[in-house]
Amino acid sequence: MAGTVRRGLFGMLALLVVMTGYFAGGFIRFTQEVAEMAPPQRVAAADGIVVLTGGALRVDQAIDLLKEGRAKRLLISGVNRSTSVGALSRLTETDRRWFDCCVDLDYDALNTIGNAEMTDIWAREQGFDALILVTSDYHMPRTLLEFERFSHVSVIRPYPVARDDLWAGDALPSGLGLKVLLTEYVKLLATRLRLAAGVEAPVAWSGTITNPHRAS
């Protein structure tokens, strides 16, 4: 009896060691992958650009791509309902006419899954087959997993945006960076497990895409 208990405890300990090693090794690889990400030197033109909210720098970069003529329209996905078109124009120091002509706002995506679903709806409505995807570098791996579930958009060109405050130098994360990267890695693992198990994602959006021409 005692021997059976000892074998059981040893097995549990061995499993714990293996799982810890897998998690640590995966996190190191994830951190290296993020550290090596950079915007492409040459951005090929696409039908549209989508940027996921979560940092002003992301939106600034996406608007710059639009102004450079890299795509016809821009979708800003996951906009806070209290943020008006005028506020976005002021925050990004962009002439309101750019928003009136070429920018659509998604106020309804609640998370990355919602961003992907709302982008798919937008791309279908616009007849777009190729998109430039703008989000933070650490967020890009999980975002691509969610976006790849939608077959309509055949070409997705990643445009990762780096946050300097996440790195202390020599590609080593700062204290804040370690927290952000660890949190994102856990979310990435959860997404992989959910997709592998074929589990349906919870409702991640609540309505429609709003064109700034009709926004208040």
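Residues numbered from 1 in each chain as written. Predicted model: local features only at pLDDT ≥ 70, side-chain atom pairs only at ≥ 80, totals over all residues. Heavy atoms only, no water.

Moving on: the packing of helix H6 (residues 140–147) against helix H7 (residues 175–197). Orientation of H6 relative to H7, taken along the N-to-C sense of each, is 20 degrees, at an axis distance of 9 Å. By the angle between their directions, the pair H6 and H7 is classed as roughly parallel. Between H6 and H7 the crossing geometry is left-handed. Counted together, Pro141, Arg142, Leu145 and Glu146 of H6 and Glu184, Lys187, Leu188, Thr191, Arg192, Arg194 and Leu195 of H7 form the full contact between these two elements. Taken together, the residues of the contact of H6 with H7 sort by class into four nonpolar, one polar and six charged. (Axes fitted to C-alpha atoms, helices over the stretch in contact; angles between N-to-C directions. Helix = DSSP H or I, 4+ residues; strand = E, 2+ residues; numbered from the N terminus. Parallel < 35°, antiparallel > 145°, perpendicular 65-115°, else oblique. Left-handed = near helix turned anticlockwise from the far one by under 90°. Contact = heavy atoms within 4.5 Å. Nonpolar A, V, L, I, M, F, W, Y, C, P; charged D, E, K, R; others polar.)

This structure, assessed with the given rule, holds three aromatic pairs. Between Phe27 and Tyr185, the aromatic rings sit 5.8 Å apart at their centres with planes inclined by 55 degrees, giving tilted as the arrangement. With Phe27 in helix H1 (residues 2–36) and Tyr185 in helix H7, this pair connects stretches of sequence that are 158 residues apart. The exposure classification of Phe27 matches that of Tyr185, with both residues buried. Taking the centre distance of 5.3 Å and the plane angle of 80 degrees together, the rings of Trp122 and Phe128 count as edge-to-face. The rings of Phe27, Phe30 and Tyr185 are connected pair by pair, giving a single aromatic cluster. (Phe/Tyr/Trp six-rings, centres within 6.5 Å; stacked < 30°, edge-to-face > 60°. Buried < 20%, exposed > 50% of the residue type's maximum accessible area, 1.4 Å probe, protein only.)

Attention now moves to helix H5 (residues 112–126). The periodicity of an α-helix, 3.6 residues per turn, causes residues three or four positions apart to be oriented the same way. Counted at 1.5 Å a residue, the expected span for H5 with its 15 residues is 21 Å, and the 21 Å between its end C-alpha atoms agrees. Turning to H5, its buried residues are Thr112, Ile113, Gly114, Asn115, Ala116, Met118, Thr119, Asp120, Trp122 and Ala123. Looking at where H5 begins, the residue whose side-chain oxygen comes 3.2 Å from the main-chain nitrogen of Ile113 is Asn111. Downstream of H5 by a residue or two, Gly127 has a phi angle that is positive, lying close to 75 degrees. (Expected span 1.5 Å × (residues − 1). Polar contact = N/O pair within 3.5 Å; in protein donor to acceptor, adjacent residues only side chain to side chain.)

Moving on, we come to the state of the cysteines. On inspection of all chains with the given rule, the structure shows one disulfide. Here Cys101 connects covalently by a disulfide to Cys102, the sulfurs 2.3 Å from one another. Across the S-S bond of Cys101 and Cys102 the torsion is about -95 degrees, and the bridge reads as left-handed. Take Cys102: its relative accessible area is 14%, and that puts it in the buried class. (Disulfide = S-S within 2.5 Å.)

Moving on: the pairing of strand S3 (residues 103–106). Put simply, side chains in a regular strand alternate between the two faces of the sheet. Burial along S3 is two-sided: the face carrying Val103 and Leu105 and the face carrying Asp104 and Asp106 are both buried. As defined by bridge partners, strand S2 (residues 73–77) adjoins S3 across four bridges and the pair is classed as parallel. Bridging across to S3, Ile76 finds its partner in Leu105. (Pairing = 2+ DSSP bridges.)

Time to look at the packing of H5 against H6. To describe two helices that pack against each other, one gives the angle between their axes and the distance between the axes. Contact geometry of H5 with H6 gives a least axis separation of 9 Å together with a crossing angle of 45 degrees. Taken together, the axes of H5 and H6 lie oblique to each other. The interaxial crossing formed by H5 with H6 has right-handed handedness. On H6, the residues touching Thr112, Ile113, Asn115, Ala116 and Thr119 of H5 are Arg142, Thr143, Glu146 and Phe147. Its residues assigned to classes, the contact of H5 with H6 shows three nonpolar, four polar and two charged.

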